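Architecture and fold: a report
Listed below are the residues making up each chain.
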Amino acid sequence: MSKVIAAYGGGFKPPTKGHLEVVKKALESLPEIDEFIIYVGSKERNGVSQIEAILIWDIFKKYLPMKVKIEPAKSPIGDIVRLGKNNPEDEVYFIIGGREGRDDDLEDIKSRTKNIESTYPNMKVKVQITQDKGMSGTNARKAAKISSDKLSPFLPDELNDSEKEEIFNILRPVIKEEITKPQLDSIEKYADGLFNKLGIDIEFTRHFLDRVNDERNVKPISVPELVGMFKRLHRKHGKPLSKVDDDFNAVVKDFNSNINIPFAINVTDDDIEMYAKTVMRKKDFKTSTPVIALNENASYTKDINLIEKLAQLTQHMLDKGMNIEPLPNLEFVNGDNENAREFLGKTAYYDPNTQTIVLYTEGRHPKDIARSYTHEMIHHIQNLEGRLGDIQTTNTQEDDNLNDIEAEANLKGTMTFRNWTDSLNEAIVGNKIECDNCGWSWKIADGGDDLFVCHKCGNDNKPMNESGFDGKLGKDPFGLNQFAREIAEGVLIPEEEVVSSPPMEYKIYSDMDGVLTDFDKSFEKYSKGIPPREYEKKFGKDGFWKLIDGEGKVGFWVGMPWMEDAKQYWDYIKDYDVELLSSPSRSETSRLGKRLWVRNNMPGIKLTLAQAYNKRNYAEPNHILIDDRESNIEQWREAGGIGILHTSAADTINQLKALGL
């Protein structure tokens, strides 16, 4: 039995009010239609993909009859023609949309439908004219870059606010984010305000805007990244920059984001002018000018507190009666990438004139840095004893006295460091205390009032106080704890400000995989019980994704079970301002599958899909990211947000409680 099939095809990147109007007008004016197919093209437009377009059509479909179907197509027009060719017994309506007053639309219709009716007698072209000539995918994409309010006029009036917001969130993470001139002016004004009190004027050149959105950056540079860089430049290098007295050029570099900003620094009678000449994201950026590093390119910092270890080492030297008082000043040179690349680059030095030890940290293990510190502390002793004054060179082959001085620093420094590291192994073991003098041990229960006094040799093994130093030396003779606090807190807030500040209103961004959804269990359903990591090790990364995308497809993501304690976690956060922020896989099926999972399990909850390296773009001082990937948390914190590394529902809830939630 023959039927009437209508087919409407296009890119729909994204679908708009005008597209839905074409479908509704065709259904109204052609009631004989039995089946209506919408073919969505595969070509991506400004980051909007076929999957995003289908998801939006799926929302529109709520306002259409059941006979309407949404189908992906490689070539929509070709698929419509093939539909007529392959179904000669059916009457096929080729639905075309045109905007009133747009001659270019009519010309396009003619070119696309030329000879169709003569070639395929069962096909009829049906043109549907809509009223709004400004309704286009291009304009909708531009509006989606700005806000949901700007996008709203391009969406059907039938949609409720929640559906419009859902479409905005589908589009927002995939449209290429470009920094506008007003936004860049705002960043410049912000940076200038930071440095103004230091007598430094920040200005961006015209080329800065051109380069910030350049495709050669590969990953677009974002507003939060630039704001974060100027914050850290002010905090870490603001005061030294305010004291320069000669013009020079330098490159400010963020080793985490690989963003480089070359500056021309000019000293005038009134102030210091810093011109940001350009900006680029490039890992191996070459420059002959000095590099001002905003962070240390070292992985150990997340596991080892170097400041605390140096404080303990200093206390060890004091306990051994070494002549190191008055204690020297201590400076760190972090992120000196150029120096780290030199085989004979600096590792540390001691300045006897200012009694300062300078440690270079880039690319070095913290144990090696601590060893250098001990070496320089021996030079500090030599200086206090008046034995460094006559040295005229740094070459040990030119001065026998220097050779002896260095030999002493090498020997005593190495042995002191070795004795200290050996002492670190002496501690409370189980229910016993071990003496760091004779090695004898006793049960804690038998310690009596003098818990840490050795019952055999009488040595007092009491631990250091909270500051890491003997109380008689003062709370912080080295300035180390103050330095550590400044690193941890960024800037110190006066107590009265803390007391008078209103409670922080937080927004929570929650990851999905490993936090809410159990990726591993879903994987094992298709891998016959083999865990993901074992499967990838056996079949390689390509085999790993082939299983997900080839066998699992959309169902892999839609069918992900909840994590064991996820509902407890979700019940705790769901009443706050919460948005899901999840990274899609390399297949488009994950985008569709994750959105369907949220629609099935958390109807009405916002989901933003952004690659892991783009999550940081949503960081703000009051934005909390809850994620099970440590790298995501580090990048989020670096961008100025609050990061909680999720290991369990209970742990995350405790951390939220600490924030007052």
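About the criteria used
Every chain begins its residue count from 1, and numbering advances along the sequence as written. The predicted origin of the model limits local features to residues at a pLDDT of at least 70 and limits the giving and counting of side-chain atom pairs to 80 or more, whereas totals for whole chains, interfaces and linings rest on all residues. Working from all heavy atoms in the structure, the side-chain values ignore hydrogens and water. Strands here mean DSSP runs of E at least two residues long; helices mean DSSP runs of H or I at least four residues long; both are numbered from the N terminus. Classification of residues uses two cut-offs on accessible area relative to the type maximum, computed with a 1.4 Å probe and protein chains only: under 20% is buried, over 50% is exposed, and between them is partly exposed. Contacts are residue-level and defined by heavy atoms, with any inter-residue pair within 4.5 Å sufficient. Shrake-Rupley sampling with a 1.4 Å probe provides the accessible areas, and residues are treated as covered by the protein chains on show and by no other component. In this analysis, strands are considered paired if DSSP registers two or more bridges between them. Here the axes come from fitting lines to C-alpha atoms, over the contacting stretch only for helices, and the angles between their N-to-C directions go from 0 to 180 degrees. We call a set of buried Ala, Val, Leu, Ile, Met, Phe, Trp, Tyr and Cys residues a nonpolar core when their side-chain atoms join them within 4.5 Å.

Observations regarding the overall build of the chain
When helices and strands are counted, the chain shows 23 helices and 22 strands. Residue burial in the chain is summarised as follows: out of 661 residues, 45% are buried. For the chain, contacts bridging at least 24 residues in sequence account for 67% of all contacts bridging at least 6. Of the roughly 34500 Å² of accessible surface on the chain, a fraction of 48% belongs to carbon and sulfur atoms.

A closer look at the sheet that holds strand S1 (residues 4-10)
With parallel pairing, the five strands of this open sheet are ordered in space as S3-S2-S1-S4-S5. The open sheet is flanked by strand S3 (68-72) and strand S5 (123-130), the only strands paired with a single partner. For this sheet the average axis-to-axis angle between neighbouring strands, irrespective of direction, equals 25 degrees. Relative to S5, strand S4 (residues 91-99) runs parallel, the two sharing eight bridges.

Focus on the nonpolar core
Grouped together as the largest cluster of nonpolar side chains are 40 residues, with contacts concentrated most on Phe36, Ile38, Trp57, Ile95 and Ile167. Those elements that place two or more of their residues in this core are S1, helix H1 (17-29), strand S2 (35-40), helix H2 (50-60), S3, S4, helix H6 (137-146) and helix H8 (161-171). At eight residues, the largest contribution of residues to this core is made by H2. Setting aside residues up to four positions removed in sequence, Phe36 forms contacts with Ala6, Tyr8, Val23, Ala26, Leu27, Lys67, Val68, Lys69 and Ile95. Counting 32 residues, the second largest nonpolar core, distinct from the first, contains Leu547, Ile573, Leu607 and Ile626.

Overview of unusual backbone geometry
Residue Lys13 is joined to Pro14 through a cis peptide bond whose omega torsion reads 0 degrees. Along the chain, Pro14 falls in the loop between S1 and H1. Look at the link from Glu325 to Pro326: it is a cis peptide, with omega at 0 degrees. Residues other than glycine seldom take positive phi values, yet Phe12 does so here, at roughly 55 degrees. On the accessibility criterion, Phe12 (5% relative accessible area) is buried. Backbone geometry at Gln355 places phi at a positive 50 degrees, although glycine is not the residue there. With respect to the helices and strands, the residue Gln355 is situated in the loop between strand S13 (348-351) and strand S14 (356-360). Gln355 sits in the partly exposed class, given a relative accessible area of 26%.

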